[in-house]
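Breakdown of the fold
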Amino acid sequence: MKLFQTVGRRKIPGYKSMSLERELVVLDPKKVEYVYFPLVAANNVPLEVFVKEGDKVKVGTKIALKQQFSVPLFSSVSGTVRAIEKRLNVTTGRPCDHLVIKNDFKMTKEKPLKKVELDASKEDIVAAIKEAGIVGLGGANFPTWVKYNNVKDIHTILINAVECEPYLTTDYVSCSLNAAKVISGARYLQKAAGASKVIVAIKVKKEQACNCLKEAAAPYPDIEVREVPDRYPMGWERTLIQTIFKKQYDKLPSEIGVIVNNSTTAIAVHDALVEGSPIVSRIVTVSGNAVKNAANIVVPVGILAETVLNEFEVEEKEVVLLVGGPMTSNPAKDVSFALTACHGALTLLEKVVYRPVACLRCGSCTAHCPAGLQPIEILRAFEGRDYERLEKLETLRCVDCGLCSYVCPSKIEVTDMMKKAKTLLRVHQSRKK
Amino acid sequence: MKIVSGNAPFLRSKRTTSQIMMELLIGLAIIFVAAVIYNFTLGVRYGLKTICIMTVAILFTFISDIIAGSLRYNKEKDGKFDEYLIHFIKSNYSVVTAVIFALTLPIGTPVYVVIIGSMFATLVVKHAFGGFGSNVFNPAALSRIFLALTFGSQLKAYLPGGENIGGLVAGATVTSQYAADGVKFLTGSLANTNVSMLDLYLGNHSGAIGETFTLLILIVGIVLAAREVINWRTPVFFLGTVALSSVFVSLVAKVNMIEYLLVQFGVGGMVFGAVFMFTDPVTSPTSNYGKALIGIIGALINVLIRIAGVYPEGTAFSIAFVNIISPMIDRLITGRTNNKVWVPATVSGVMVLGSVGLITGVSAAKMPRVAPEPPPIVEPFVTYLGSYTSPTPSEYAEEFTTNVEVGLSDAYHIVKIEYDVIANPDNYKKVTDGIDAVIDYYTSISVAEFKALPVPALSEGTTGSTVVGQTGEHIIPGAIYSSRALYEAINDALKDLNVYSADVEDYPYDSGGYSDETLVMSVDVYVDTVTDLIKVVDIKDGASTGTYADRWETVKEAVLSKYHDLDVATFLGYTNVAELYGEEVATYAGVTYSARRLFNAVQKALEGYGG
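This one's a predicted model, so the numbers in the text were calculated from it and none came from an experiment.

Here is what the cut-offs are and how they apply
- For every chain, the first residue of the written sequence is number 1, and numbering continues from 1 onward in sequence order.
- Here the convention is simple: chains get letters from A, ligands get numbers from 1, in the order in which they are written.
- Where local features are concerned, this predicted model is filtered to residues with pLDDT of at least 70; where side-chain atom pairs are given and counted, the filter is 80 or more; whole-chain, interface and lining totals use all residues.
- Only hydrogens and water are set aside; all other atoms, that is, all heavy atoms of the structure, feed into the side-chain values.
- The helix and strand labels rest on DSSP assignments: H or I over at least four residues marks a helix, E over at least two residues marks a strand, and numbering proceeds from the N terminus.
- Burial here depends on accessible area, computed with a 1.4 Å probe over protein chains only, as a share of the maximum for the residue type. Under 20% is buried, over 50% is exposed, and the range in between is partly exposed.
- It only takes one pair of heavy atoms within 4.5 Å for two residues to be counted as in contact.
- Being paired, for any two strands, means DSSP has found at least two bridges between them.
- To get an axis, fit a line to the C-alpha atoms, keeping to the stretch in contact for a helix; angles then go from 0 to 180 degrees between the N-to-C directions.
- Criterion for a salt bridge: a side-chain nitrogen of Lys or Arg within 4 Å of a carboxyl oxygen of Asp or Glu.
- Disulfide assignment relies on a single distance test, namely cysteine sulfur atoms paired within 2.5 Å.
- Two parts placed together each lose some accessible area under a 1.4 Å probe, and adding up what both lose gives the buried area.
- We define a polar contact as two N or O atoms separated by no more than 3.5 Å, with the added condition that, inside protein, one atom must be a possible hydrogen donor and the other a possible acceptor, whereas residues neighbouring each other in sequence contribute only through side-chain atom pairs.
- Residues grouped as a nonpolar core are buried Ala, Val, Leu, Ile, Met, Phe, Trp, Tyr and Cys residues, joined through side-chain atoms within 4.5 Å.
- Domain delimitation in this document rests on an assignment produced automatically or drawn from a domain database.

**Thoughts on the overall build of chain A**
Within chain A, the regular secondary structure consists of 14 helices and 17 strands. Considering only C-alpha atoms, chain A reaches an extent of 60 × 50 × 50 Å along its principal axes. Counting every position in chain A, which comprises 433 residues, the buried fraction comes to 57%. Across chain A, every contact between residues at least 6 apart in sequence was considered, and the portion connecting residues at least 24 apart equals 71%.

Here you go:
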């Protein structure tokens, strides 16, 4: 209970046991006829494509490159390249070109990437991570090598196994199964940054994964497994660093000497640098109160959501299809989109209609904002188009965590209005320039 | 499955505004039920009147809602009228206002006043400002102020015929009674009322129907705060600042600190206001820091009104004031709430200290001032008159005659001097301070000491200046003629008195045996030389040993009175103590040695008198 500050977190229901009741499902490879890769990045810049229609590819063949930060894309199946198709790109919300690969079900592997030893130099490790196209697999999709490029004074690598979004258990399952890989990947990242220690953060309730990680980390005295309270949004960088290090930073955690990476990303680092394979498949949680047999499923990258959902029984109701968790994800229009490497979950929820009443001015949103903002005042300034006040209230620091709408007793769409306020402010600022 | 869209996030807390209002209503209902029960113990019509007030308030709030809804109804936009009206009434939560408002009224409020008040609260304070969520003022508080201003005399704490209920005199509330004598809340005492401290907290006294059961309100408040229905910061900072101020005010007013603190909390509607009216979320600032701030400011205003204001009860006014500044507080707080926490902490700390300081200062200023005691008028034991004609100083002044009246105590110390003229012309009397100092000096000495003073000498021909080398407290600086005139006049008054002094030394009897050290008794004997009578014996020192000092005090006057107007010759003829004191010597038991020593001393002093 804080006196004047924002509390910044709240206990929300987790619903995690739903997807853990069943065993990990491995999708029958025969069901994946095609895989799709979007050829336009999130900033609307097209990717450089290395293959053309008719080319034969293997598992792990480099097929495209994102210009910004040079992130390569690799094929997840072996087969033939088909014509480029337009499909819904769920990240941008609009259709765009997709590279289509027809699966020949042989899963022939490309020759592995160059393996890197742990005693290699910093620059070699970072280069290898870049070559392998490792991105933040917690959902951010940020190229990992950029975080480690030319960094100084880093003392800790923080491995984020918190997974605070309700319904999601993909990180939990992959940590439990591949704890050793997490630790191994973490050691590479530690070497890449020149850090002196590694902290693996996991929530208090996840005993199984925690124990596996502790076991795997036991031989290494500079790797510590730390348990953090079960609160939302503990998985957000700032909240996690505030909880563990009791420090705040302005823009990047490297300002206080910390680099954060998701645990599944650490596994990908191990896979790439030790076994030479890029990201070709991942565990996806399909859950939600509209899914009868929620479970985790191993799928190749580029699979259609449709194919995944065919494995599950969905209730005959109005549902919202979320790519990710219920708090931060935006709903998808239909099931025709393809999952990329960073999409770790499909959540289907029954649609609930909320009828908002007048704002009670209770201040709960302000009291719970993890970024310390005042949504109620921002909304007021937004309605009044008061740009100066919007800037003074530091509107652009909002990360859409969704806690403000969650706690609002009047069921006002606070997060939605925050997004609109941000858009408005950005447009205004770009116009001023 | 049918895929539809929506806005993130898709999980929502189960807490709704309706639920918050419902829990608030339950808390209020508990207090209302307790009030009804208490009023039924006072009499059936009291209980019924309580229920009547609540019912009327709720009913007319409902009617006001319908009026406001009808006025706002816009056929094109709002759909069907009855659906619209139902939603309007449900989403405005006016029933909470009605209940709070009813609980702030005393039992004797006439029904028409309740009607006017509840309609004012809902129509004017709430709907005229925009309905739920947009009202600037707390409707219950402002309406209560409105009633206090317009129907103040109607808000009685008793029903007709029941003036003495609740143990109070003529149906006053505890608040006004507490302050009955003198400055309210500073020198008032619970003893004025017939209400004990326990009664105060258990609601067994008269006041508004909802505000008296302090203990229950506190318990309900704690439960509501734990359930996040009200924010705990406002009442805690409010009551904390009140407590801190009360500590300092009790120090200024020199009353029992704990009792004063408990009374401050128990009396009046302060705790009720702190829990239910200050915490109204619509009229409070939205940030945690702002909520704490209005608690502090509200406490400052409330305690100030209690101590220094005219009205006996300040809570409603402080609520209205705090409501005014809430939007300003909101507006001033920008930036992130987890940055620079020392800023709100420092500001709040300074405000608390400032409030406490201000309240302490005001209460100190308001303390009833005790007028300084006039100096006791000493009646002289005997008065002598004298006069003196001053010689004419050349050129500057004229001859004048001074008449004095010298008053002496029964030990022949000068206690009073009155004079008429000590300068001519009068403008020489501009040295008044000097004159007063000399008079003060004269009235502090004995006649014997006076007679020992040197005469103020005049230098030939020079007016007013003092002879070089002449000092003495009986000389007025820069006014030698006046000094001389005064001296000579007093001297003339006392001319018939002669002083005879003596010291007698012996071993006193002390604590069961003769002491090893000697005790010296010194006396001044005043004899009127015209009548040859001993007037007074003044024992300057050594009257008795310490052990017997108290005993001596009780018999001193009887012993000394033996010497008043005693003929000298007769006295010198006594050879034996018993001849002077007579059979009463037995009453001097315990100090017979002192009496005997006195006899010896006076005998020694008057040796050779008349020779």
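**Thoughts on the sheet that holds strand 10 (residues 156–160) of chain A**
All names here are of chain A. Spatially, 4 strands are ordered 12-11-10-13 in an open sheet, and the strand pairing comes out parallel. Of all the strands in the sheet, just strand 12 (223–228) and strand 13 (258–262) have a single pairing partner and so form its edges. Taken over all neighbouring pairs, the strand axes of this sheet differ in orientation by 25 degrees on average, direction set aside. Note that strand 11 (residues 197–203) and strand 12 share 6 bridges and pair parallel. Considered in strand 12, the bridge of Val200 is made with Val225.

**Considering the pattern of salt bridges**
For the structure on display, the rule yields 34 salt bridges over all chains. A salt bridge links Asp400 of chain A to Lys422 of chain A, with the shortest nitrogen-to-oxygen separation between them at 2.9 Å. Of the two residues, Asp400 of chain A sits in the loop between helix 12 (387–392) and helix 13 (403–407) while Lys422 of chain A sits in helix 14 (residues 414–432), which places them 22 residues apart along the sequence. Between Asp524 of chain B and Lys540 of chain B there is a salt bridge whose closest N-O contact spans 3.1 Å. Here Asp524 of chain B, found in strand 8 (residues 519–528), pairs with Lys540 of chain B, found in strand 9 (residues 533–541); they are 16 residues apart in sequence, far enough to count as distant.

**Here we look at the state of the cysteines**
Here the structure, examined in full by the defined rule, presents 0 disulfides over all chains. The structure places no disulfide on Cys210 of chain A, whose sulfur is separated from the nearest cysteine sulfur, that of Cys212 of chain A, by 9.2 Å.

**What about the side chain of Ser174 of chain A?**
Summarising the element assignment, Ser174 of chain A is placed in helix 4 (residues 170–177). Beyond its immediate stretch of four places on either side in the chain, Ser174 of chain A contacts Ala179, Thr264, Ile267 and Ile283 of chain A.

**Here's the deal with the interface of chain A and chain B**
Accessible area lost upon the coming together of the parts serves often as the stated size of an interface. Tallying the contact residues gives 72 residues for chain A and 48 residues for chain B. Summed over both sides, the interface between chain A and chain B buries roughly 5200 Å², with carbon and sulfur atoms accounting for 54% of that surface. Between the two partners, chain A and chain B, sit 5 salt bridges. Two residues, Asp386 of chain A and Arg331 of chain B, come together in a salt bridge whose shortest N-O distance is 3.5 Å. Put simply, chain A and chain B have 17 residue pairs in polar contact (both at pLDDT 80 or more) between them. Per element, the largest residue contribution to the side of chain A that touches chain B is 5 residues, and it comes from strand 16 (residues 318–322) of chain A. Bridging between strand 16 of chain A and strand 1 (residues 2–4) of chain B involves 3 bridges; their strand directions are parallel. Bridge pairing in strand 1 of chain B links Glu318 of chain A to Lys2 of chain B.

**Let's talk about unusual backbone geometry**
The peptide bond linking Tyr232 of chain A to Pro233 of chain A adopts the cis configuration, its omega dihedral lying at -5 degrees. Assignment of secondary structure puts Pro233 of chain A in the loop between strand 12 and helix 7 (237–245). Cis geometry marks the peptide bond from Ala8 of chain B to Pro9 of chain B; its omega dihedral reads -10 degrees. The residue Pro9 of chain B is located in the loop between strand 1 and helix 1 (17–42) in this model. Within the chain, Tyr167 of chain A stands out as a residue other than glycine whose phi angle is a positive 75 degrees. Relative to the assigned elements, Tyr167 of chain A resides in the loop between strand 10 and helix 4. Since its relative accessible area comes to 2%, Tyr167 of chain A is described here as buried. A positive phi angle, near 50 degrees, is found at Asp565 of chain B, a position not held by glycine.

**Brief notes about helix 4 of chain A**
Counting buried residues along helix 4 of chain A, 7 of its 8 residues qualify, which places the element largely inside the surrounding structure. Buried residues of helix 4 of chain A: Thr170, Asp171, Tyr172, Val173, Ser174, Cys175 and Ser176 of chain A, and no others.

**Some thoughts on the sheet that holds strand 3 (residues 48–49) of chain A**
Here 3 strands make up an open sheet; going across it, the order is 3-5-6 (chain A) and the pairing antiparallel. Each having just a single partner strand, strand 3 and strand 6 (71–74) of chain A make up the two edges of the open sheet.

**A few points about the nonpolar core**
In terms of nonpolar packing, the biggest core is built from 92 residues, with Ile157, Phe337 and Leu346 of chain A touching the most fellow members. Counting residues per element, this core draws most heavily on helix 5 (residues 179–193) of chain A, at 8 residues. Counting contributing residues per domain, this core is built from domain 1 (17–112 + 278–350) and domain 2 (122–275) of chain A, each supplying no fewer than three. Formed by 83 residues, the second largest nonpolar core is a distinct cluster that contains Phe4 of chain A together with Ala102, Val113 and Leu224 of chain B.

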